[in-house]
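Take a look at the letters that make up each chain.
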Amino acid sequence: MRGFKDFWHETNDIALAIIIILLAAGLIGWRLRIILQYPAKLAKEATVSSNTETTQTQDASKSAASSNR
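A short tour of the structure in this document, coming up.

1. What about the overall build of the protein?
- Each helix and strand counted, the protein has one helix and zero strands in total.
- On the protein, roughly 6400 Å² of surface is accessible, and the fraction owed to carbon and sulfur atoms is 66%.

See below:
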């Protein structure tokens, strides 16, 4: 009986350690993926902002040109 009990506790310890490692790896991978996507998001927002500024500048130029006529 003692041998089975020792085996059971050792197996549970190993299983628990594996579960903890898998959870930690999953959490790290999940957050790392989000962190690595952030520069692309910033670049996209900068492009949209740049396009908006260009459009506003063009609109201002057109309205200034039409008011000078």
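2. A short note on a nonpolar patch on the surface
- Side chains of Phe4, Phe7 and Trp8 sit close together on the surface and give an oily, nonpolar patch of about 380 Å² of accessible area.
- Within the secondary structure layout, Phe7 lies in helix 1 (residues 2-68).
- Among the residues examined, Phe7 registers a relative accessible area of 51% and is labelled exposed.

3. Some words on the packing of aromatic side chains
- Counted by the stated rule, this structure contains zero aromatic pairs.
- Above the plane of the ring of Trp30 lies Arg31, whose end atom (NZ or CZ) is 5.0 Å from the centre.

Rules and cut-offs
Residues numbered from 1 in each chain as written. Predicted model: local features only at pLDDT ≥ 70, side-chain atom pairs only at ≥ 80, totals over all residues. Heavy atoms only, no water. Helix = DSSP H or I, 4+ residues; strand = E, 2+ residues; numbered from the N terminus. Areas by Shrake-Rupley, 256 points an atom, 1.4 Å probe, with all protein chains shown as cover. Patch = residues over 30% accessible without salt bridge, like charges linked within 9 Å, V, L, I, M, F, W, Y side chains within 5 Å. Salt bridge = Lys/Arg side-chain N within 4 Å of Asp/Glu carboxyl O. Buried < 20%, exposed > 50% of the residue type's maximum accessible area, 1.4 Å probe, protein only. Phe/Tyr/Trp six-rings, centres within 6.5 Å; stacked < 30°, edge-to-face > 60°. Lys NZ or Arg CZ within 6 Å of the ring centre and 35° of its normal.

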